[in-house]
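# Results of the structural survey
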Amino acid sequence: MVLKIFFPQCCNRAESGLLVGRWISGHDSAVVLAVIHYPFIPGQVKQYIQQMQAQSGVELSVLGAWSLPKEGQEGMERFLRDLSTVFPQERWLQVSRQMGKMGFTCKVVYRDQSKTLRLDDEEKVIFVHYEQRKVMLSQLHPIESRDPDPKTEAPSELRQVFQTVARSQPLFFLDRYDDGPLKSTHWQSEGREASIIVELLKQASVPLCVLISWLPNPVSSVLMCRIFSLYPLRFLSSKLSTCIQISYRTEHMRTLSSPKPAAGHTQFMRKANILVSFLVDVALGVLLMSWLYRDNHITMLANMLVPAADHVAKELDELLQWLMGVPAGLKMNRALDQVLGRFFLYHIHLWISYIHLMSPFIEGILWYGGLSACLGLTFALSLLSDMVALLTFHIYCFYVYGARLYCLKIYGLSSLWRLFRGKKWNVLRQRVDSCSYDVDQLFIGTLLFTILLFLLPTTALYYLVFTLLRLVVVLFQGVLHLSVDFINSFPLFAVGLRVCRPYRLAEGVKFRVLCDEPGTALHLLMEINPLKGSTVVQTYRTPTYSCYPRDSWAALVKKLFVGELIYPWRHKSTKTD
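Residues numbered from 1 in each chain as written. Predicted model: local features only at pLDDT ≥ 70, side-chain atom pairs only at ≥ 80, totals over all residues. Heavy atoms only, no water.

### Digging into the overall build of the chain
Each helix and strand in the chain was counted, giving 17 helices and 16 strands. Within the chain, the proportion of its 577 residues that are buried is 41%. On the chain, roughly 32,800 Å² of surface is accessible, and the fraction owed to carbon and sulfur atoms is 63%. (Helix = DSSP H or I, 4+ residues; strand = E, 2+ residues; numbered from the N terminus. Buried < 20%, exposed > 50% of the residue type's maximum accessible area, 1.4 Å probe, protein only. Areas by Shrake-Rupley, 256 points an atom, 1.4 Å probe, with all protein chains shown as cover.)

See below:
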């Protein structure tokens, strides 16, 4: 039989006294939390343990005695062993250490039902030394989202050790500067760990929390206005990236302003990640705003916008003139080519007229739009995405016209091809069934198939060109959406915790032999294995509205081939974890 004793390193040189800790249920092991120094009054020790047990909820008890004899304390070990009658336990640990030796010796004294004590020399003892501060502050992964049912499953021994040390914080408040009758050794026995910066941040967080709790109220009242429930506004708000970002940040503010404390480690990390992400977002937005309003950059951007639009229109005009001729030596259907070319040229002229009509207001729009950066860089990027969508609306129209016309011909050709083979598409059963056609139907089908087949190259060329232009715009908007999604979802607090204090996020532990002297017990050192960086990001990533394509690459290529529309990548209805 092997008895494991988890012993804190801070108690290796503690003065002689009593070992306070907990026996791990379901396992043959014990966790030592502190050493109460001699002299003490047993009644006061019992009262103190009861108080700590009520505050922490941990079943604390006196595990045994710790002896580190000094000059003039020759009978101390015998005195502490006799205390087993004052603190009755089924097992009494008599741990002692000789000066000049690194290892401990441990004797286990058992109490029978007849209350007689017997010494068990056959039981082997292993001391597992741990750093109490790191174990108390660390969180062992994977995280348990619920308390295990003791009837069906029990937490592992290692998890019980971590939970016992973490929940025993009231026991660590007693330090050398207290005037109480008891003195103890633990990781804070030399003085409580504190930081002036942390205390100042706690005081400054009070007005910040009040402000954060007040901010969502006016925004929510505006968003809940009845006018926003009308179909046009509701449809626009679901498509504009800025409106989606506003609703997303409002949800974040509600989470941060909740008066309820974090229920567990996961909820605490979620709130911390949201707060740090929000502060970094605002800081980056303020930097962007300071650059925009310095050295008249907004006027420069406004003066560059109209010439850039004219240049794009000129390039599109030349592209359409090239398509209306003999593009790459291809012989197109001249009548359809001229109709499509003039149709698209007319839309370009309409768009240029729209841009020149809006040119006097562009600088004002950019000036007031730049103020959105004070709400965060994500708002500025979302607004930029919406502006790109409005400025390239003509390209979207070209793409929709070409895609619909191309899709109509593709589905017409596929339907007529089934007609030649004596097949038809069964809409009810969603399958292809056999069908007999008469001569008139076959003749008309042959004429339509020939017409659509010879008109297909002209339509396909226009569709290919405008699809490539549309994909360039979608790619640019996708980069903006990915940037916004990265800022919103990246667990910056968790990653910073992993870099600065890796023991806070523990993946497991490792053991190495610390001491194996003859005549002493085996001593192991428990070290914490930090969580991997990729696992930290995956575990603590904030749930966001997905900005990734809903379809696979194969489905995307299929849509492009048959002419189905490719919509923007952001969808508010898809929320991913």
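Continuing now.
### So, the packing of aromatic side chains
Enumeration according to the criterion identifies 19 aromatic pairs in this entry. Pairing F393 with Y396 gives two aromatic rings, centres 6.3 Å apart and planes at 35 degrees, and the pair type is tilted. Of this pair, F393 and Y396 both sit in helix α13 (residues 393-420), separated by 3 residues, roughly a single helical turn. By relative accessible area, F393 is classed as partly exposed at 46%. One aromatic cluster in this structure is built from F343, F344, F398, Y401, Y462 and F466. Sitting above the plane of the F87 ring, K46 keeps its charged end 5.7 Å from the centroid. (Phe/Tyr/Trp six-rings, centres within 6.5 Å; stacked < 30°, edge-to-face > 60°. Lys NZ or Arg CZ within 6 Å of the ring centre and 35° of its normal.)

### Some points on the UniProt feature "transmembrane region" (unreviewed entry) in the chain
As recorded in UniProt, the feature "transmembrane region" (unreviewed entry) lies at residues 274-293, 365-392, 398-420, 441-465 and 471-495. For residues 398-420, the helix share is 100%, the strand share is 0%, and the end-to-end C-alpha distance is 33 Å. (UniProt positions renumbered as here; feature names shortened; annotations may be inferred.)

### Here we look at the side chain of T467
Positionally, T467 belongs in helix α14 (residues 439-489). Excluding residues within four positions of it along the chain, T467 makes contact with Y399 and L560. (Contact = heavy atoms within 4.5 Å.)

### Some words on the side chain of E157
With respect to the secondary-structure elements, E157 resides in helix α4 (residues 157-167). In this structure the side chain of E157 is engaged in a polar contact, spanning 2.8 Å, whose partner is the side chain of S29. With residues near it in sequence (within four places) discarded, E157 still touches K4, F6, H27 and S29. (Polar contact = N/O pair within 3.5 Å; in protein donor to acceptor, adjacent residues only side chain to side chain.)

### Brief notes about unusual backbone geometry
The residue after Y38, namely P39, is reached through a cis peptide bond having omega 10 degrees. Checked against the element boundaries, P39 lands in the loop between β3 (29-37) and α1 (42-56). Of note, D295 is a non-glycine position whose phi angle comes to about 60 degrees, a positive value. Following the sequence through the fold, D295 ends up in the loop between α9 (265-292) and α10 (297-324). The backbone of N296 sits at a positive phi, close to 60 degrees, despite the residue not being glycine. If you trace the backbone, N296 turns up in the loop between α9 and α10.

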